[in-house]
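# Inside the fold
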Amino acid sequence: MTIRRSLFVVLAVAAAALAVGGLSGLAPFGHYPGPYGDIINAVGTHQQHVTNMVTAVTFDYRGFDTLGEEYMLFTAVTGVALLLRDARGTAANARPKRIRGRPRLGRSEAVMTAGRWFAPVTMVYGVYVVLHAQLTPGGGFQGGVVIASALLFFYLGEGYRQWRETVRAPVLDPVEAAGTGLYAAAGFAGLLSGHAFLENVLPLGTTGKLVSGGLIIVLNLAVAVAVAAGFALLFVEFLQETRQFKGERT
Amino acid sequence: MTALFAILLALAAMTGAGVVLSREPRRQAIAIGANGLVLALLFLALQAPDVAYSELVVGAAALPLLFLVALSVLRRGRRPR
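This is a predicted model, so every value here is computed, not measured.

## Observations regarding the confidence of the model for chain A
- Taken over all residues, the pLDDT of chain A has a mean of 89, while the share at 70 or more is 98%.
- Model confidence for chain A, summarised as mean pLDDT per element, is weakest for helix α2 (residues 36–48) of chain A at 88 and strongest for helix α5 (residues 109–131) of chain A at 95.

Encoded structure:
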């Protein structure tokens, strides 16, 4: 046995022992030991007038953490745009990149039809998930990515040219920034009225109604806009890479 | 643990192994999408529908797409002379 292999065996046994030792102290499957979830479930609806406690946590009790995540996503998408944005694929009629020895296959009719049927349905469902964040499972991030995936179905249904003429990067850039900025700006509503940053100062409304939860709705919409535009921008920048430069020879 | 969890956990292990064992990168991208789909179902069974939404779109659609795009612009193997 080589040194390398014997070293692997020793380290693998040690790692397995550590894993078994660490996992054996966990609570049993399905058992929830912490007090915080139970407390939130008990007081959340009464305090915030929402029925989805996950939304209450992400946009109110832990709204500041979500602000950080929001800017993390913004920075990541900006980084992708900085790295990948060039002349490649910006024209809607840009031809697919050709690589020698690899056949270029068109979309099948089944894919086109499925894309055309799924795109509008998925889009409406995404908007539904965003708007009902305070009532049923889902929220700004979840609805935002569903909306962005509807744009992917649109791409599969209509092809690159139609897609690029509809999903435009110059439009997505400011929308992405506006959604991200709105989240931070909404936090100042609390400061201006003499409360803490991001404190829920808007009228809370009636529990169970579409408009309820006060500031939660605003923050939720800001996240939805930023996430949908951010993911759409990500798809635009990546799919541009599958095109060739104007006049490029392969 | 009910039969539902046993099936879903077994599926997660199988699709996870499928990602590792498939050697062809394009198949691997599809396999990681299948793994994301199973994980989304598992989160749903564990009563975390919010996480299931995110996993469904990010794990089963966005991630394989980024891999497939990256693969489509790569020249693999030796260039013919």
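That covers the picture; the talk isn't over yet.
## Some remarks on the nonpolar core
- By size, the foremost hydrophobic cluster in this structure holds 56 residues, and its most contacted members are Leu151, Val227, Ala228, Phe231, Ala232 and Phe235 of chain A.
- For this core, the secondary structure elements donating two or more residues are α3 (53–61), α4 (63–84), α5, α6 (140–166), α7 (169–192) and α8 (215–240) of chain A together with α2 (25–45) and α3 (49–72) of chain B.
- Per element, the largest residue contribution to this core is 19 residues, and it comes from α8 of chain A.
- Those residues within four positions of Leu151 of chain A in sequence are excluded, and the remaining contacts are Val167, Ala232 and Phe235 of chain A.

## Observations regarding the interface of chain B and chain A
- Contact with chain B, which involves 16 residues of that partner, is made by 21 residues of chain A.
- A class-by-class count of the residues in the side of chain B that touches chain A yields 12 nonpolar, two polar and two charged.

## Things to note about the environment of Arg5 of chain A
Residues and elements named next belong to chain A.
- By secondary structure assignment, the location of Arg5 is in helix α1 (residues 3–24).
- According to the C-beta neighbour criterion, Arg5 is exposed, with 9 such atoms within 10 Å.
- A C-alpha to C-alpha distance of 55 Å links Arg5 and Val171, two positions 166 residues apart in sequence.

Definitions and cut-offs
- Residues numbered from 1 in each chain as written.
- Chains lettered and ligands numbered in written order.
- Predicted model: local features only at pLDDT ≥ 70, side-chain atom pairs only at ≥ 80, totals over all residues.
- pLDDT = per-residue confidence, 0-100.
- Helix = DSSP H or I, 4+ residues; strand = E, 2+ residues; numbered from the N terminus.
- Core = buried A, V, L, I, M, F, W, Y, C linked by C-beta atoms within 7 Å.
- Buried ≥ 20, exposed ≤ 12 C-beta atoms within 10 Å, placed from the backbone.
- Contact = placed C-beta atoms within 7 Å.
- Nonpolar A, V, L, I, M, F, W, Y, C, P; charged D, E, K, R; others polar.

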